[in-house]
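# Structural description and commentary
These are the residues of each chain, in order.
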Amino acid sequence: MTNDSFPTGAGTGAGTGVRGGGGALPFVPPDADLAGLAAAAASCRGCELADLPDTRTVFGEGNPRARLVLVGEQPGDVEDRRGRPFVGPAGKLLDRALADAGIDRAEAYVTNAVKHFRYRRNGGPRRIHQTPDARQVTACRPWLAAELNRIRPRLVVLLGATAGQALLGPSFRVTKMRGRLLPGPPGSDAQLIATLHPSAVLRVEPATRDEVYAGFVHDLELAERTLAGMMG
């Protein structure tokens, strides 16, 4: 890919159990636009999540010229069934928080660090979320890098630990890095802001949920102010 700034992580899967060593990299067409990337990702066999029954690749969606990209962990059950990112309960909370922060989701681009829903079953029909492991995040990183390198956003909001580790490495911790501007890769002309994943807001006790939600909105307001300053 020409003029790439967000690294693919090529070669980092070697020796870690990632299928094919390079994970998704062999499946990423080098000159495709976002639509071409999404079409190619549907056939990705870069890790074992592609073998889970009744799942699909859920690629990112939104404004291809977005100044703001929001990166989550992985699609959930609802997203996997519908084939779209952030359309389940966490997506509805994200929509509300974006509106409260003055951000139009239609002008942004939303995606996930991992494009398949990792789940388990406990003997019944319900699919129970499992956090992607480091091998799977590494395997899928070429898709995320390709999206960001096509869009060239000015700001990337990292929603939770998995998104942060996908771009900043395994030492990333939301508790230490949330709510402040972080530099993007050299040459990307982008900055990063880390915050909670909206599902984390949904999981807190009802007594403290309003407070946690307010903090989440505060982080998104920083993103809105940062973008306004970049354009001003």
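See the structure shown above.
### Brief notes about the pairing of strand β8 (residues 191-195)
The buried fraction of β8 amounts to 4 of the 5 residues, a majority that puts the element mostly inside the structure. Bridge count for strand β6 (residues 155-159) against β8 is 5 bridges, and the pairing is parallel. In the sheet register, V157 faces β8, and the bridge partner there is I193. Bridge analysis of strand β7 (residues 181-183) against β8 gives 3 bridges, and the strand direction is antiparallel. Following the sheet pairing, L181 is matched in β8 by I193.

### Thoughts on the sheet that holds strand β1 (residues 61-62)
Taken in spatial order, the 6 strands line up as β1-β3-β2-β6-β8-β7 in an open sheet, and their pairing is mixed. At either end of the open sheet lies a strand with only one pairing partner, and these are β1 and β7.

### What about the nonpolar core?
Membership of the largest hydrophobic core comes to 62 residues, with the highest contact counts inside it found for L37, L68, L70, W143, F216 and L220. Not counting residues up to four positions away in its chain, the partners in contact with L68 are I103, A108, Y109, L155, V157 and L227.

### Details of unusual backbone geometry
Excluding glycine, a negative phi dihedral is what most residues carry, and trans is how most peptide bonds are arranged. The backbone of F86 shows a phi angle near 55°, a positive value even though the residue is not glycine. Along the chain, F86 falls in the loop between α2 (77-82) and α3 (89-100). Positive phi outside glycine occurs at D189, with the angle close to 60°. Secondary-structure assignment places D189 in the loop between β7 and β8. For D189, a relative accessible area of 56% gives the class exposed.

### Section: the pairing of strand β2 (residues 68-72)
When a strand is regular, its side chains alternate between the sheet's two faces. Burial of β2 is extensive: 5 of the 5 residues sit out of reach of the surface. Relative to β6, β2 runs parallel, the two being bridged by 4 bridges. Within the sheet, the bridge partner assigned to L70 lies in β6 and is V157. Relative to strand β3 (residues 109-112), β2 is paired through 4 bridges, and the arrangement is parallel. Of the residues in β3, the one forming a bridge with G72 is N112.

Rules and cut-offs
- Residues numbered from 1 in each chain as written.
- Predicted model: local features only at pLDDT ≥ 70, side-chain atom pairs only at ≥ 80, totals over all residues.
- Heavy atoms only, no water.
- Buried < 20%, exposed > 50% of the residue type's maximum accessible area, 1.4 Å probe, protein only.
- Helix = DSSP H or I, 4+ residues; strand = E, 2+ residues; numbered from the N terminus.
- Pairing = 2+ DSSP bridges.
- Core = buried A, V, L, I, M, F, W, Y, C linked by side-chain atoms within 4.5 Å.
- Contact = heavy atoms within 4.5 Å.

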